[in-house]
Amino acid sequence: MIDIQSNKKIDQQSADNIRALAVAMVEKANSGHPGGPMGGADFMHILYSEFFNFDPTDMTWPFRDRFFMDAGHLSTLMYAQYYLLGNYVKEDLANFRQWGSITPGHPELDVKRGVENTSGPLGQGHTMGVGAAIAAKFLKARFGDWMNHKIYGFISDGGIQEEISQGAGRIAGHLGLSNFIMFFDSNDIQLSTSTDEVTSEDTAMKYEAWGWKVVTIDAHNHDEIRKALTDANNENEKPTLIIGRTIMGKGAVAADGSMFEGHCELHGQPIGQTGADYTKTLLNLGANPESPFDIYPEVEAFYKNLLKEKVAKAAEKKAEIESWRSSNKVLADKLDCFLSGELPELDFEFIEHKPGIASRVASSGVLGYLAGKVENMIVSSADLSNSDKTDGFLKKTYALQKGDFSGSFLQAGVAELTMASIANGLALHGGIIPVVATFFVFSDYMKPAIRLSGIQELGVKYVWTHDAFRVGEDGPTHQPVEQEAQIRLLEKLKNHSGRPSFIALRPADSAETSVAWKMALENKNTPTGLILSRQNIKDLPAKGASRYCDALAAEKGGYLVKEVENPDVVLIANGSEVATLVAAAEILESQNGLKVNIASVISEGVFRLQSKEYQNSVIPKNKPLFGLTAGLPVNLEGLVGDNGKVFGLDHFGYSAPANVLDEKFGFTGEKVSQQVLDYLKIV
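Computed from a prediction, not measured in an experiment: that's the story for all the values here.

A.B. asks: Can you tell me about the packing of aromatic side chains, naming the residues and giving the values?
C.D. replies: According to the stated counting rule, one finds 32 aromatic pairs in the structure shown. A centroid spacing of 3.9 Å and a plane angle of 10° characterise the contact between Phe43 and Phe183, whose relative ring orientation is stacked. Of this pair, Phe43 sits in helix H2 (residues 35–51) while Phe183 sits in strand E3 (residues 180–186), and the two are 140 residues apart along the sequence. On the basis of relative accessible area, Phe43 is assigned to the buried category, the value being 2%. Of the residues examined, Phe183 reaches a relative accessible area of 0% and is grouped as buried. The lysine or arginine in question, Lys318, covers the ring of Trp61, its NZ or CZ lying 5.3 Å from the ring centre. When the ring centre of Tyr614 is taken as reference, the NZ or CZ atom of Lys556 above it lies at 4.5 Å.

Laid out in structure tokens, this is it:
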């Protein structure tokens with residue numbers, strides 16, 4: 001009985017220590033969200049002290065449990081917990097939200113300190129957790145039941161309300177992700193209101209309808225937390241949602257000594273600016289207001305011993321894995337290859353394409369080839385596999401299913417943002433190469449996750465087909481015009497490693513499509529987008545031994561597909577417009593006696609990484625420069641410069657067959673040649 005009471009005391013002290021640290025961080029920074037961390041502290045302590053498996057001496061151990069924070073504004077909850085675990089020092093917490101700090105306002109990917117994901121807009125964090133759980137199931141199906149680590153998520157009322165939660169909940173339940181356990185910090189309070197003013201849904205029934213195991217607990221009762229986590233860890237069929245009823249600002253005290261808990265104003269500002277009193281709250285939580293970033297002595301001793309236990313338990317697991325490795329050397333080598341990101345030997349020149357096909361069809365051929373070669377690739381499509389042509393991959397495998405993760409294709413359904421966020425989670429887990437596909441115009445639905453791919457420097461591959469107004473009869477809602485400009489802005493935005501945060505590749509024909517896939521697979525630390533045509537494209541003429549050998553120059557971002565000495569004009573494009581320029585050049589040369597060079601610039605971002613000498617050899621500044629784009633002129637204006645001219649669209653599309661639109665909009669060889677002649681008269 002004494003031991004039980006002692007344990008209850010240290011559990012309460014640990015949770016209160018987390019609360020006090022969260023309060024102190026926000027107060028010192030004069031910025032942040034203290035109320036939620038105060039409510040979630042009990043769950044975090046019980047999870048990490050009793051259930052969470054990791055090796056404190058080897059934080060990047062691939063077979064650790066993982067924690068995905070959805071409610072990034074609760075960053076102090078993580079920092080305080082990880083401080084107790086030794087991942088941060090006192091100065092880190094005192095420097096919360098400051099310049100150069102490793103404790104930013106929303107957690108940023110930092111696996112060595114326990115932060116598994118950058119917490120962006122609400123909803124994405126737990127969806128990335130779903131992706132990680134899919135990755136773990138996929139790998140377990142290939143390497144054995146010993147791979148049994150868990151993925152934990154933490155979500156708030158706001159995350160539950162975000163539309164992405166429907167996609168994540170549906171897919172996790174449908175696939176039976178029993179390795180995914182999510183805690184819902186349900187305190188009925190959000191930033192500007194109580195939840196009853198914005199929703200009356202039954203969250204438990206909703207998740208149960210999606211196929212989840214759901215349990216509701218008092219999340220300040222440690223025994224109820226313990227039982228819920230035990231049952232969740234023993235669940236073999238369904239993901240688990242633990243609805244934890246918590247009190248916003250648990251432990252907060254007013255100046256008169258009365259409790260000041262559960263109030264909306266405790267959510268998003270220092271508690272000293274609410275009806276609570278900072279000093280009295282710290283005293284109520286057992287902290288020293290003169291030194292608020294201390295770990296309580298009893299808590300420090302408890303966690304020091306706990307870390308030893310974690311190391312010992314991880315050592316037992318590592319011994320089990322070593323035994324498996326010694327008995328399964330071929331599989332072990334394959335697993336190492338998956339986890340390292342190393343690619344098998346690939347021969348993209350070997351892939352044969354029929355003449356004059358759409359680049360989406362060429363991509364399908366590449367995917368069919370990769371399906372038999374890259375065994376750790378998971379391809380997903382938002383209900384468009386037969387149209388975005390990822391079915392080239394699907395035909396060589398089959399879809400992931402509940403109880404059977406031996407396939408390699410994720411049928412995401414109509415959920416573009418969810419699918420992209422899941423891809424980020426697949427990449428964050430490690431061992432998986434994620435590919436996601438839809439129509440280019442629907443990239444609008446994916447932008448939040450694309451941005452987090454870039455921030456987190458994840459090698460997700462995006463496949464976007466139906467790349468321009470030539471979608472035709474579907475009309476302006478389905479015809480991309482401004483999308484390429486939006487995506488290419490990310491090529492100009494550097495990530496924290498100083499590289500372009502995204503690489504966008506719009507290949508000009510089937511050979512360039514093969515090269516684009518080569519570039520995408522070799523680009524491991526940046527997301528890549530392949531922007532592909534619906535309509536057939538005439539192959540560009542070969543200059544050298546083969547069109548593929550010529551197209552390898554696209555690896556520099558841009559190159560000359562047609563080159564003469566001392567040209568009168570240089571024509572510039574990417575994608576299907578390059579073939580239009582070839583047709584225009586034939587007219588300009590045969591009928592007007594002009595000498596013409598043509599540059600295919602598959603990626604301005606990659607092109608700008610080349611030497612100035614190379615860039616000038618492709619696009620000389622002392623020559624007339626004319627660009628052609630099916631999107632906004634800004635797509636090429638940076639390449640042609642102030643004296644150049646870009647012919648593009650400045651309006652939405654119209655419903656009509658593609659060839660009619662080409663004619664009406666001026667995208668034929670004859671009409672483009674006239675545009676070039678008009679430009680040369682004034683340059």
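On we go from here.
A.B. asks: Outline the side chain of Asp16, listing residues and values.
C.D. replies: Considering the arrangement of structural elements, one finds Asp16 in helix H1 (residues 2–29). When neighbours within four sequence positions are excluded, Asp16 is seen to be in contact with Leu285 and Tyr296.

A.B. asks: Account for unusual backbone geometry, naming residues and giving values.
C.D. replies: A positive phi angle, near 60°, is found at Asp383, a position not held by glycine. Since its relative accessible area comes to 51%, Asp383 is described here as exposed. With a phi angle near 65°, Lys389 is a residue other than glycine that sits in the positive phi range. Following the sequence through the fold, Lys389 ends up in the loop between strand E6 (377–381) and helix H14 (391–394). Looking at Lys389, the relative accessible area reads 22%, which means it is partly exposed.

A.B. asks: Can you tell me about the pairing of strand E2 (residues 151–156), naming the residues and giving the values?
C.D. replies: In regular strands, side chains alternate between the two faces of the sheet. With respect to burial, E2 is a largely interior element, six of its six residues being buried. Side chains Ile151, Gly153 and Ile155 of E2 all project onto a buried face; the interleaved residues Tyr152, Phe154 and Ser156 project onto the opposite face, where all are buried too. Across four bridges, the pairing between strand E1 (residues 66–69) and E2 is parallel. In the sheet register, Phe67 faces E2, and the bridge partner there is Tyr152. Bridge count between E2 and E3: six bridges; the pairing is parallel. Bridging across to E3, Tyr152 finds its partner in Ile181.

A.B. asks: Just give me the short version of the environment of Leu410, but keep the residues and values in it.
C.D. replies: Locating Leu410 in the fold gives a position in strand E7 (residues 409–411). Counting along the chain gives 28 residues from Leu410 to Ala382, while the straight-line C-alpha distance between them is 9.1 Å. Beyond its immediate stretch of four places on either side in the chain, Leu410 contacts Ile134, Leu175, Ile378, Val379, Ser380, Ser381, Leu400 and Ile422.

A.B. asks: Quick one: what's the story with the packing of helix H5 (residues 124–143) against helix H7 (residues 164–175), residue by residue and with numbers?
C.D. replies: The relative placement of two packed helices is expressed as an angle between their axes plus a distance between the axes. For the pair H5 and H7, the least separation of the axes is 9 Å and the interaxial angle reads 20°. In terms of orientation, H5 and H7 fall into the roughly parallel class. Of the two possible hands of crossing, H5 and H7 adopt the one that is left-handed. Between H5 and H7, the residues in contact are Gln124, His126, Thr127, Val130 and Ile134 and Ile164, Ser165, Ala168, Ile171, Ala172 and Leu175, respectively.

A.B. asks: Give me the lowdown on the pattern of salt bridges, citing residues and values where you can.
C.D. replies: Evaluation of the coordinates by the stated rule reveals 37 salt bridges. Note that Arg19 and Asp16 form a salt bridge whose closest N and O atoms lie 2.9 Å from each other. Of the two residues, Arg19 and Asp16 both sit in helix H1, three residues apart, roughly one turn of that helix. Pair check on accessibility: Arg19 and Asp16 agree, each one buried. Here the salt bridges do not stand alone but share partners, grouping Asp467, Arg470, Arg506, Glu577 and Asp662 into one network.

A.B. asks: Any chance you could break down the nonpolar core for me, citing the residues and the numbers?
C.D. replies: Residues Phe348, Leu370, Met377, Trp517, Leu571, Ile572 and Ile598 are the most contacted members of the largest nonpolar core, which totals 81 residues. If you look at the next biggest cluster of nonpolar residues, it comprises 67 residues, including Met38, Met44, Leu84 and Ala254.

A.B. asks: Let's hear about the sheet that holds strand E4 (residues 213–218): which residues, and what values?
C.D. replies: Taking strand neighbours across the sheet as the criterion, the five strands line up as E1-E2-E3-E5-E4 in an open arrangement whose pairing is parallel. Each having just a single partner strand, E1 and E4 make up the two edges of the open sheet. Averaged over all pairs of adjacent strands, the angle between strand axes in this sheet comes to 20°, irrespective of strand direction. Relative to strand E5 (residues 240–245), E3 is paired through six bridges, and the arrangement is parallel. Bridge pairing in E5 places Ser186 opposite Arg245.

A.B. asks: Break down the sheet that holds strand E9 (residues 461–465) for me, citing the residues and quoting the values.
C.D. replies: With parallel pairing, the six strands of this open sheet are ordered in space as E7-E6-E8-E9-E11-E10. Edge positions in the open sheet fall to E7 and strand E10 (503–505), since each of these has one partner strand only. Across the sheet, the axes of successive neighbouring strands diverge by a mean angle of 20°, strand direction being ignored.

A.B. asks: Explain the packing of H5 against helix H12 (residues 329–340) residue by residue, including any values.
C.D. replies: Across the interface, H5 lies against H12 with an axial gap of 11 Å and an inter-helix angle of 160°. One way to sum up the angle between H5 and H12 is to call them roughly antiparallel. As H5 runs across H12, the sense of the crossing is right-handed. Each of Leu139, Arg142 and Phe143 in H5 lies in contact with H12, whose residues at this interface are Leu331, Lys334, Leu335 and Phe338.

A.B. asks: Which residues make up the environment of Gly372, and what values go with them?
C.D. replies: Residue position: Gly372 is located in the loop between helix H13 (359–371) and E6. You can call Gly372 exposed: its relative accessible area is 62%. Considering only alpha carbons, one finds Gly372 and Lys396, 24 residues apart in sequence, at a separation of 7.3 Å.

Definitions and cut-offs
Residues numbered from 1 in each chain as written. Predicted model: local features only at pLDDT ≥ 70, side-chain atom pairs only at ≥ 80, totals over all residues. Heavy atoms only, no water. Phe/Tyr/Trp six-rings, centres within 6.5 Å; stacked < 30°, edge-to-face > 60°. Helix = DSSP H or I, 4+ residues; strand = E, 2+ residues; numbered from the N terminus. Buried < 20%, exposed > 50% of the residue type's maximum accessible area, 1.4 Å probe, protein only. Lys NZ or Arg CZ within 6 Å of the ring centre and 35° of its normal. Contact = heavy atoms within 4.5 Å. Pairing = 2+ DSSP bridges. Axes fitted to C-alpha atoms, helices over the stretch in contact; angles between N-to-C directions. Parallel < 35°, antiparallel > 145°, perpendicular 65-115°, else oblique. Left-handed = near helix turned anticlockwise from the far one by under 90°. Salt bridge = Lys/Arg side-chain N within 4 Å of Asp/Glu carboxyl O. Core = buried A, V, L, I, M, F, W, Y, C linked by side-chain atoms within 4.5 Å.

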